[in-house]
Each structure stands twice: as structure tokens, then as C-alpha cells.
Amino acid sequence: MSDSTKNSDQNNTLENLKEKLAEFCEKRNWDKEHKPKELAIGVVTEASELLEIFRFLSEENCLKAVKNPEIRQKIAEELADTLSFILRFAQLYQFDLSLCLKDKLAKNAIKYPIQN
């Protein structure tokens, strides 16, 4: 199995990713900076950087952008940065992201029923 396959979504759990990120951050002594407010700001900041890539583009050009290798790399980096802040928040403050998503989907199913 190649490194890229081993590190794919199919072969990692959220818990595994949290552990990898925790190890990375702990080696750099970042725990003292990773308080809830700072992590929430990080999520928004990185998500805003993702949005900046698409700012002022038409829908057609947005679809072209995700296929352009150079732009796609920038998108991947901003997605990774955003996910890192989310995972770090969940890891430090004991949020089970799978359960969070499951519960939110159940609430949204009621809020947004299927229209026939």
C-alpha cells in the first residue's frame, strides 16, 4: 500500500486524524494557544481563505477552478487548514464529530423534510 493510499479518507478515522494532529501540535507546545476562542477564530479564518479563492468568480469559473491543478492545490491546503482547526477543537474539548454530525443530520431531517 502506497503512502498516498495509506493516508486516504478510506484508511483513516476521525480519531486517527485527531491523534496525528494532537501529536503534531503537542510537539510544538501549541496547547497553551489552542483555547476555544482561538480555535474558532482559526476555523473562520481558514474558511475565509477558502472563500477568497472563489470570490468574484462566476459559477462556471468556480467549477473550472476546482479542476485547475494550481488552484486545486490552494483549495486542498485551505480545506486541510480548516479541518485541522475543527479536529483540534474536537480533540482538545472532547467532541465526537461523528455523533455531532449524526445528531445534526437528524435535526436537519426534521427541519428540511423531503419534498415529493
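Peer 1: I'd like to hear about the packing of helix H2 (residues 14-27) against helix H5 (residues 69-92), residue by residue, with values.
Peer 2: The N-to-C vectors of H2 and H5 enclose an angle of 90 degrees; their axes lie 9 Å apart at closest approach. Classified by the angle between their axes, H2 and H5 sit roughly perpendicular to one another. Between H2, through Leu14, Leu17, Lys18, Leu21, Ala22, Cys25 and Glu26, and H5, the contact on the second element is made entirely by Ser84, Leu87, Arg88, Ala90 and Gln91. Of the residues that constitute the contact of H2 with H5, the class distribution is seven nonpolar, two polar and three charged.

Peer 1: A description of the packing of helix H3 (residues 36-54) against H5 should follow, citing residues and the corresponding values.
Peer 2: Two numbers describe how H3 lies on H5: the axes approach to 9 Å, and their chain directions differ by 165 degrees. On the basis of the axis angle, H3 is roughly antiparallel to H5. Both H3 and H5 take part in a crossing whose hand is left-handed. Contacts from Pro36, Glu38, Leu39, Ala40, Gly42, Val43, Glu46, Ala47, Glu49, Leu50, Ile53 and Phe54 in H3 reach Ile71, Lys74, Ile75, Glu78, Leu79, Asp81, Thr82, Phe85, Ile86, Arg88, Phe89 and Leu92 in H5.

Peer 1: So what about the packing of aromatic side chains? Which residues, and what values?
Peer 2: Tallying each qualifying case throughout the model produces three aromatic pairs. Where Phe24 meets Trp30, the ring centres are 5.6 Å apart and the plane angle is 75 degrees; that geometry is what we call edge-to-face. Arranged with centres 5.8 Å apart and planes meeting at 50 degrees, the rings of Phe89 and Phe95 form a pair that is tilted. Since its relative accessible area comes to 21%, Phe89 is described here as partly exposed. Members of the aromatic cluster, each reached through a chain of ring pairs, are Phe89, Tyr93 and Phe95. Positioned above the aromatic ring of Phe24, the side-chain terminus of Arg28 is 3.6 Å from the ring centre.

Peer 1: An account of the confidence of the model for the chain is requested, with residue identities and associated values reported.
Peer 2: Averaged over every residue, the pLDDT of the chain is 94; residues scoring 70 or more account for 96%. Here helix H1 (residues 3-6) stands out as the element of the chain with the lowest mean pLDDT, 65, in contrast to H3, whose mean of 98 is the highest.

Peer 1: Tell me what's going on with the pattern of salt bridges, and back it up with residues and numbers.
Peer 2: Pairing is possible between side chains of opposite charge, provided their charged atoms come close. The full count for this structure, using the stated rule, is four salt bridges. Of the charged contacts, one joins Lys27 and Glu23 as a salt bridge, the two residues approaching to 3.1 Å between their closest N and O atoms. Of this pair, Lys27 and Glu23 are both found in helix H2, four residues apart, which corresponds to roughly one turn of the helix. Exposure remark for Glu23: the relative accessible area of 45% places this residue in the partly exposed category.

Peer 1: Summarise the side chain of Asn12; cite the residues concerned and give the values.
Peer 2: Examined against the element boundaries, Asn12 turns out to sit in the loop between H1 and H2. In this view, Asn12 contacts Lys6, Asn7, Leu17 and Lys20; residues no more than four positions away in its chain are not counted.

Calculation criteria
Residues numbered from 1 in each chain as written. Predicted model: local features only at pLDDT ≥ 70, side-chain atom pairs only at ≥ 80, totals over all residues. Heavy atoms only, no water. Axes fitted to C-alpha atoms, helices over the stretch in contact; angles between N-to-C directions. Helix = DSSP H or I, 4+ residues; strand = E, 2+ residues; numbered from the N terminus. Parallel < 35°, antiparallel > 145°, perpendicular 65-115°, else oblique. Contact = heavy atoms within 4.5 Å. Nonpolar A, V, L, I, M, F, W, Y, C, P; charged D, E, K, R; others polar. Left-handed = near helix turned anticlockwise from the far one by under 90°. Phe/Tyr/Trp six-rings, centres within 6.5 Å; stacked < 30°, edge-to-face > 60°. Buried < 20%, exposed > 50% of the residue type's maximum accessible area, 1.4 Å probe, protein only. Lys NZ or Arg CZ within 6 Å of the ring centre and 35° of its normal. pLDDT = per-residue confidence, 0-100. Salt bridge = Lys/Arg side-chain N within 4 Å of Asp/Glu carboxyl O.

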